[in-house]
Amino acid sequence: YEAETTAKAAESGNKATERFLQNTAFANVQADQARISRIASRVIKAMNDAVIEEEVTYDEYNILKAWLIKMGNDGEWPLFLDVWLEHSVEAVHNSAKKGTKGTIEGPYYVPNAPQQNTPATIEMRADEPGTPLKFHGNVTAVDGTPLKNAVIELWHADDLGFYSQYAPGLPEWNLRGTFIADENGYYEIHTVQPAPYQIPTEGACGQLISAAGWHAWRPAHLHIKVTAPGYDLITTQLYFDGGDYLDSDVAGAVKPELVLRPTLSADGTNADAKYDFVLDPA
Ligand code: MBD
Ligand code: FE
C-alpha cells in the first residue's frame, strides 16, 4: 500500500475542489440583497475586530494574504470550510430534526456509488487491511414505522486513513457503496474498520495547524447518508468508542449519540456494530 502514503495535499485538495464545482445544486439560489449585506458585514466586522483587538501587524497581514492564496492553489477551500465551518451550518440545517443526529458531510463524498441490496459487502480489495466490521441495524421513522427499502450510502477511509478517489493507488469505489435495506428496514453491510484520518499536512490547512500547535486528526469514522421515500435525507458520521481523537476532532463533528460500541468476536478478529437510524418525515 506504498502508493497511498504518497497522497499529496494538492492532489486530494484539487480533486475535492473540482468535484465540488461540478455540483451545481446551489446555482439557482436566489440572492436576497439585505441578507447578503447583513451576513457579509458581520463576517467582515469579525475579521476587523480580530485585527484591532489583536493588534495585527503588516507582516502578519501579509502572511494571511500569502496563506489565503496558497489555500486556493492547494485546492483546500473545501477542506478548510468543511473542517472549520461546516459543523455550524449543519447545526442550523438539522436543528428541528427529531431523528438520528446529523453531522458534517466533509469533502470526500462521491455520489452514485455502486448499489447493492443488503446484506452486502462493500467494494474492497481482496487483501483489504483492517478489522472486518459487520455494520447493521434498522431504519425507522420517528414514529417507529420500519422503512423498507431505505437507502444507505456509506463511504469511509481505509485502514491507513485514505479515501478512494482522493488518494492514489486505490480502486475507484473502494469502501464506497449504496445499500438498500430489506422489506423490514433492516440493513447489514460488511466492511472494515477505518483508521483515524489526518488532514493533509503540507497544504495550507496543515500549515495553519502546525503554526498554531494544533493536531491534524479526525477520529476514525464512517460517513453515511440515509433516506427513504417521503423522509428527509440525513447526512451523518459514526465514530468508535475508545478511539483516538474522539474528544479533539479537528473538524468538531463528534456527537455522543454518534459513537458506536462494537463488540469483538471471541478471537478478537471481527467487529460487530449495530446502529438504528431514525428518519424525520419530509
Ligand atoms: C474527512 O474525512 C472529513 O470527514 C472531514 C470532515 C474533513 C476532512 C477529511
Ligand atoms: Fe471523513
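Scroll up a little and you will see the structure.
Because the structure is predicted, anything quoted here is derived from the model rather than measured.

Some remarks on the coordination of the iron ion (ligand 2)
Phase 1 of the analysis: Of the protein atoms, only Tyr 163 (OH), His 221 (NE2) and His 223 (NE2) coordinate the iron ion (ligand 2), at distances of 1.9 to 2.1 Å.
Phase 2 of the analysis: If you list the donors of the iron ion (ligand 2) from N- to C-terminus, the spacing comes out as Y-x57-H-x1-H. Placement of the pair is Tyr 163 in the loop between β4 (151–156) and β5 (176–180) and His 223 in strand β9 (residues 221–227), with a sequence separation of 60 residues. Here Tyr 163 and His 223 have matching classes, each one buried.

Quick word on the side chain of Asp 280
Phase 1 of the analysis: The residue Asp 280 is located in the segment after β14 (277–279) in this model.
Phase 2 of the analysis: No salt bridge is formed by the buried Asp 280. Its closest oppositely charged neighbour is Lys 98, at 5.9 Å.
Phase 3 of the analysis: One polar contact links the side chain of Asp 280 to the main-chain amide nitrogen of Lys 98, over a distance of 2.8 Å.
Phase 4 of the analysis: Polar side-chain contacts of Asp 280 include one of 2.8 Å to the backbone nitrogen of Gly 99.

A word on helix α4 (residues 77–84)
Phase 1 of the analysis: Within α4, burial applies to Pro 78, Leu 79, Phe 80, Asp 82 and Val 83.
Phase 2 of the analysis: Check the buried side of α4 and you find it contacts α1 (9–22), α3 (58–73), α5 (86–93) and α6 (204–212).

Some thoughts on the layout of surface pockets
Phase 1 of the analysis: By volume, the largest pocket amounts to about 1200 Å³.
Phase 2 of the analysis: If you go around the largest pocket, you meet 27 residues; those closest to its centre are Met 47, Ala 50, Leu 64, Trp 67 and Leu 68.
Phase 3 of the analysis: Among the secondary structure elements, those contributing two or more residues to the lining of the largest pocket are α2 (33–54), α3, α4, α5 and α6.
Phase 4 of the analysis: The element best represented in the lining of the largest pocket is α2, accounting for nine residues.
Phase 5 of the analysis: Taken together, the residues that form the lining of the largest pocket break down as 22 nonpolar, four polar and one charged.
Phase 6 of the analysis: Of the volumes computed, that of the second largest pocket is approximately 870 Å³.
Phase 7 of the analysis: Phe 20, Asn 23, Glu 86, Glu 105 and Gly 106 are, among the 30 residues lining the second largest pocket, the residues nearest its centre.
Phase 8 of the analysis: Of all the secondary-structure elements, those providing two or more residues to the lining of the second largest pocket are α1, α4, α5 and β10 (234–240).
Phase 9 of the analysis: Partitioning the lining of the second largest pocket into residue classes produces 17 nonpolar, seven polar and six charged.

A word on empty space enclosed by the protein
Phase 1 of the analysis: For the coordinates displayed, the defined rule picks out three cavities of 30 Å³ or more.
Phase 2 of the analysis: Here the largest cavity is characterised by a volume of approximately 130 Å³.
Phase 3 of the analysis: Lining the largest cavity are 16 residues; nearest its centre among them are Gly 106, Pro 107, Tyr 197, Arg 218 and His 223.
Phase 4 of the analysis: Within the residue set of the lining of the largest cavity, elements represented by two or more residues are α4 and β9.
Phase 5 of the analysis: Ranked by residue count, the leading element in the lining of the largest cavity is α4, at three residues.
Phase 6 of the analysis: A breakdown of the residues in the lining of the largest cavity according to their chemical character gives ten nonpolar, three polar and three charged.

Comments concerning a nonpolar patch on the surface
Phase 1 of the analysis: Where nonpolar side chains cluster on the molecular surface, the patch consists of Val 51, Ile 52, Val 56, Tyr 58, Tyr 61, Leu 64, Leu 68, Trp 77, Leu 81, Leu 85 and Val 89 and spans about 1000 Å² of accessible area.
Phase 2 of the analysis: Counting residues per element, the ones that place at least two in the nonpolar patch are α2, α3 and α4.

Topic: the site of ligand 1
Phase 1 of the analysis: All residues in the neighbourhood of ligand 1 are listed as Leu 79, Val 83, Ile 104, Gly 106, Pro 107, Tyr 108, Tyr 163, Tyr 197, Ile 199, Arg 218, His 221 and His 223.
Phase 2 of the analysis: At 3.2 Å from an oxygen atom of ligand 1 is found a side-chain nitrogen or oxygen belonging to His 221.
Phase 3 of the analysis: The pocket occupied by ligand 1, as judged from atoms lying within 2 Å of grid points, is the largest cavity.
Phase 4 of the analysis: Residue assignment for the shell around ligand 1 shows that the elements contributing at least two residues are α4 and β9.

Comments concerning the packing of α4 against α6
In helix packing, the relevant descriptors are the interaxial angle and the interaxial distance, both defined with respect to the helix axes.
Phase 1 of the analysis: One way to put it is that α4 packs onto α6 with a least axis distance of 9 Å and a crossing angle of 45°. With respect to their mutual orientation, α4 and α6 come out oblique. Across from Leu 79, Phe 80 and Trp 84 in α4, the residues of α6 making contact are Cys 205, Leu 208 and Ile 209.
Phase 2 of the analysis: When the residues that make up the contact of α4 with α6 are grouped by side-chain class, the tally is six nonpolar, no polar and no charged.

Quick notes on α6
Phase 1 of the analysis: Along α6, the positions that sit buried rather than exposed are Ala 204, Cys 205, Gly 206 and Ile 209.
Phase 2 of the analysis: Structurally, α6 contributes buried residues whose contacts are with α3 and α4.
Phase 3 of the analysis: Just beyond α6, the residue with positive phi is Gly 213, at close to 75°.

Some words on the pattern of salt bridges
Phase 1 of the analysis: Applying the stated rule across the entire model yields ten salt bridges.
Phase 2 of the analysis: A salt bridge links Asp 74 to Lys 70; its shortest N-O distance comes to 3.1 Å.
Phase 3 of the analysis: Among the ionic pairs, Arg 125 bridges to Asp 158, the shortest N-O distance being 3.3 Å. Taken together, the positions of Arg 125 in the loop between β2 (120–121) and β3 (132–141) and Asp 158 in the loop between β4 and β5 put the pair 33 residues apart, joining distant regions of the chain.

About the criteria used
Residues numbered from 1 in each chain as written. Chains lettered and ligands numbered in written order. Predicted model: local features only at pLDDT ≥ 70, side-chain atom pairs only at ≥ 80, totals over all residues. Heavy atoms only, no water. Donors = N, O, S within 2.8 Å, 3.2 Å for Na, K, Ca; no water. Helix = DSSP H or I, 4+ residues; strand = E, 2+ residues; numbered from the N terminus. Buried < 20%, exposed > 50% of the residue type's maximum accessible area, 1.4 Å probe, protein only. Lys, Arg positive; Asp, Glu negative; His and termini not counted. Salt bridge = Lys/Arg side-chain N within 4 Å of Asp/Glu carboxyl O. Polar contact = N/O pair within 3.5 Å; in protein donor to acceptor, adjacent residues only side chain to side chain. Contact = heavy atoms within 4.5 Å. 1 Å grid on protein atoms, 1.4 Å probe; cavity = no way out; pocket = protein on both sides within 12 Å on 5 of 7 lines; lining within 4 Å. Points joined across faces, edges and corners; volume = space filled by probe spheres on them. Nonpolar A, V, L, I, M, F, W, Y, C, P; charged D, E, K, R; others polar. Patch = residues over 30% accessible without salt bridge, like charges linked within 9 Å, V, L, I, M, F, W, Y side chains within 5 Å. Areas by Shrake-Rupley, 256 points an atom, 1.4 Å probe, with all protein chains shown as cover. Near = heavy atom within 4 Å. Sits in = over half its atoms within 2 Å of the grid points. Axes fitted to C-alpha atoms, helices over the stretch in contact; angles between N-to-C directions. Parallel < 35°, antiparallel > 145°, perpendicular 65-115°, else oblique.

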